[in-house]
Amino acid sequence: GFGIRDNHLDEDDPRYVHHQSFLNRYLRLVTIHPVHETSLVQIRATTTDKPLSQRIANAHAEGFIEFLGNERKSELDSHLATLRTHADELQSKLSQAEADVAKYAATNELLGPTDGTQGNLVLSQLTELNKLLSAAQAKRAESESKVEKLSEKKASKSSLLDDETVKDLRTKLK
């Protein structure tokens, strides 16, 4: 190829060995300035050939964008590996905790028979309690709604009375 190995220039390839003075002249052609209060930069290449200047500036921009993309991908890959390791550790801890809870429940006879004939006594009791709680919450919401409606009716009658009372008082004062 072009003296490139693993996306890096082959430093031993004579086509890419340049004198420092050549590189310094080239770098003087290119200026890069940050755009105030943005994450953008302005890249300018100055040569006597305008299309060449555009190609040089665009090549620097594309190279920098590719570099940033590779850096971000590498960083994300590293974070992902860390998260996967952490997730595996948490999964292991969760499995151990579930086994410990099951062992404790069995040791302390917290769960009823689960052979299919009687079912799980504790689970059925919790299900029944949950149904009762839901029914009580529904009844409470219904009662609160009725109280609110009664309060609104009382307030509207009171405001009508107030309006009529105010009118009578105004009439008497005149």
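Each value, and the rule that gives it
- Residues numbered from 1 in each chain as written.
- Predicted model: local features only at pLDDT ≥ 70, side-chain atom pairs only at ≥ 80, totals over all residues.
- Heavy atoms only, no water.
- Helix = DSSP H or I, 4+ residues; strand = E, 2+ residues; numbered from the N terminus.
- Buried < 20%, exposed > 50% of the residue type's maximum accessible area, 1.4 Å probe, protein only.
- Contact = heavy atoms within 4.5 Å.
- Patch = residues over 30% accessible without salt bridge, like charges linked within 9 Å, V, L, I, M, F, W, Y side chains within 5 Å.
- Areas by Shrake-Rupley, 256 points an atom, 1.4 Å probe, with all protein chains shown as cover.
- Salt bridge = Lys/Arg side-chain N within 4 Å of Asp/Glu carboxyl O.
- pLDDT = per-residue confidence, 0-100.
- Pairing = 2+ DSSP bridges.
- Expected span 1.5 Å × (residues − 1).

J.: Help me out: how do you make sense of the overall build of the protein in this one?
T.: When helices and strands are counted, the protein shows three helices and four strands. Each helix and strand of the protein, ordered N terminal to C terminal, gives the series β-β-α-β-β-α-α. The buried share of the protein, taken over its 174 residues, is 6%. Restricting the contact set of the protein to residue pairs at least 6 apart, pairs at least 24 apart contribute 7%.

J.: Can you help me understand a nonpolar patch on the surface in this one?
T.: Nonpolar side chains collect at one region of the surface, where Leu 126, Leu 129 and Leu 132 lie side by side and expose about 310 Å² of accessible area between them. By the element assignment, Leu 129 lies in helix 3 (residues 121-173). Residue Leu 129 is classed as exposed on the basis of its relative accessible area, which comes to 52%.

J.: Got a minute to help me understand the confidence of the model for the protein in this structure?
T.: Detailed conclusions should not be drawn from predicted coordinates in areas where pLDDT is low. Summing up the model confidence of the protein, the mean pLDDT is 80 and the portion of residues at 70 or higher is 74%. Per-residue pLDDT, averaged within each element of the protein, yields its smallest value for strand 1 (residues 4-5) (48) and its largest for strand 4 (residues 41-45) (93).

J.: Please explain the pairing of strand 3 (residues 30-34) as it appears in this structure.
T.: One face of the sheet, then the other: side chains in a regular strand alternate in exactly this way. Bridging between strand 3 and strand 4 involves five bridges; their strand directions are antiparallel. Pairing of His 33 across the sheet is with Gln 42, part of strand 4. The hairpin formed by strand 3 and strand 4 contains six residues between the paired strands, and Glu 37 there has a positive phi angle of roughly 60°.

J.: So what exactly am I meant to see when it comes to the pattern of salt bridges here?
T.: A side chain of one charge can pair with a side chain of the opposite charge when the charged atoms of the two come close. What the rule picks out here adds up to three salt bridges. A salt bridge links Arg 140 to Glu 144; its shortest N-O distance comes to 3.0 Å. Pair noted here: Arg 140 and Glu 144 are both in helix 3, with a separation of four residues, about one helical turn. Relative accessible area serves as the criterion here: at 59%, Arg 140 is assigned to the exposed category. What makes Glu 144 partly exposed here is its relative accessible area of 43%.

J.: Help me understand helix 2 (residues 50-107) in this model?
T.: Residue pairs spaced three or four apart in an α-helix point in one direction, given the helix's 3.6 residues per turn. The terminal C-alpha atoms of helix 2 lie 84 Å apart, and with 58 residues this matches the ideal 86 Å at 1.5 Å per residue to within 8%. Residues of helix 2 that are buried in the fold lie against helix 1 (20-29), strand 3 and strand 4. Looking at the residues trailing helix 2, positive phi occurs at Glu 109, about 50°.

J.: Would you take a moment to explain the side chain of Ser 53 for this structure?
T.: As for its placement among the helices and strands, Ser 53 is situated in helix 2. Judged by relative accessible area, which is 9%, Ser 53 ranks as buried.

J.: Whenever I open this one, unusual backbone geometry confuses me. Can you help?
T.: Apart from glycine, the bulk of residues carry a negative phi angle, and the bulk of peptide bonds sit in the trans form. Here Glu 37, not a glycine, exhibits a phi torsion of approximately 60°, which is positive. Glu 37 sits in the exposed class, given a relative accessible area of 73%.

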